[in-house]
Amino acid sequence: MIRFPANDRLFVRKRLCFNTTQPALRDRYDKIARHLYYFATDPNADPNIRPRQQLLWRMERKAEGWGPSKRVDDLVPLRPGKVIMRLAFTTSGNIYFDMGGPDEKGQWKWEVWWRPMKEGKLQAAERVPGPVNAGDINWTPFVAPDESYLIVSSSRMNNGDSGDHYISFRQADGSWGDPVSMGSTVNTSEYQERFPAVSPDGKYFFFARSVPETYSDVYWVSTKLIEELRAEASSAK
């Protein structure tokens, strides 16, 4: 159970009924949770290509619960040897996502990509430009609905840490600013922090921390931290 401090209500997790032929589920909500997206390994993929080809599925929330799964082929580029772990939707219709896989030496690399929406049509996927993708690992992005900031799990410091959260603020010219560490309130030197998210009301920042005992634990802090980091970034200009 998770206690939400905004109204002190308790919610109990409930297992969703997915098709059991769709393993490796990665569920993702868009905008106001009208849809749920998840990835599954393609059972017909070439087993000699690793990681194996993914498929993307979507479920729609209905009055009586979640509707049937429907395959989605045109939202993000699904490629052999590549994995997507996170989708992030904005109010303008833009989609951000990560894409990763092993390079020619077998070392995994992750980058943040996006598909801009122009005149009601999604454009071709592009690597997010600028400093967001510095280093080898930049994944599980979260983007504010108004795209005023972007948070990634990144190992850009090359200090042996497997991943900390960094935040990049949108600049006046539309570019992304240099990502800054979210600090010890969120990050640790010994564990990996990933899968950042902000509650729909904008009050709470949630993230997962990978620990050996439980694989991943979920933590939350006030989004006042984000505003403090924004003020620091502004004053540093």
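Residues numbered from 1 in each chain as written. Predicted model: local features only at pLDDT ≥ 70, side-chain atom pairs only at ≥ 80, totals over all residues. Heavy atoms only, no water.

S.K.: For the overall build of the protein, give the residues involved together with the corresponding values.
M.R.: In terms of helices and strands, the protein carries one helix and 20 strands. Counting the 237 residues in the protein, one finds 44% classified as buried. Taking as baseline every contact in the protein between residues at least 6 positions apart, the subset at least 24 positions apart corresponds to 37%. (Helix = DSSP H or I, 4+ residues; strand = E, 2+ residues; numbered from the N terminus. Buried < 20%, exposed > 50% of the residue type's maximum accessible area, 1.4 Å probe, protein only. Contact = heavy atoms within 4.5 Å.)

S.K.: So what's going on with the nonpolar core? Residues and values would help.
M.R.: Judged by nonpolar contacts, the single largest core of 15 residues is most densely connected at Tyr149, Ile151, Ile167, Met182, Val186, Phe205 and Ile226. Broken down by secondary-structure element, the contributors of at least two residues to this core are β15 (149–154), β16 (164–169), β19 (204–210) and α1 (224–235). When residues of this core are assigned to their parent elements, the largest contribution, three residues, is made by α1. The contacts of isoleucine 226, once residues within four sequence positions are left out, are Tyr149, Ile151, Ile167, Phe169, Met182 and Val198. Of all hydrophobic cores here, the second largest spans 13 residues; its members include Leu56, Val76, Ile84 and Met99. (Core = buried A, V, L, I, M, F, W, Y, C linked by side-chain atoms within 4.5 Å.)

S.K.: How would you sum up unusual backbone geometry? Please name residues and give values.
M.R.: Omega for the bond connecting arginine 50 with proline 51 falls within 30 degrees of zero, at -5°, which places this linkage in the cis form. Along the polypeptide, proline 51 turns up in the loop between β4 (35–41) and β5 (54–62). Although it is not a glycine, threonine 140 adopts a positive phi angle of roughly 45°. Within the secondary structure, threonine 140 is located in strand β14 (residues 138–143). Judged by relative accessible area, which is 0%, threonine 140 ranks as buried.

S.K.: Summarise the pairing of strand β18 (residues 192–198); cite the residues concerned and give the values.
M.R.: Summarising burial for β18: six of the seven residues are buried, a large majority. Taken together, the five bridges between β18 and β19 define a ladder with antiparallel strand orientation. Following the sheet pairing, glutamate 193 is matched in β19 by arginine 209. Here β18 hands over to β19 after five residues, with glycine 202 in that stretch at a positive phi of 75°. (Pairing = 2+ DSSP bridges.)

S.K.: Lay out the side chain of glutamine 53 with the relevant residues and their values.
M.R.: For glutamine 53, the location among the structural elements is in the loop between β4 and β5. Glutamine 53 sits in the buried class, given a relative accessible area of 15%. Side-chain polar atoms of glutamine 53 contact the backbone oxygen of leucine 78, separated by 3.2 Å. Excluding residues that lie within four positions of it along the chain, glutamine 53 makes contacts with Ala40, Thr41, Asp42, Ala45, Leu78, Arg79 and Pro80. (Polar contact = N/O pair within 3.5 Å; in protein donor to acceptor, adjacent residues only side chain to side chain.)

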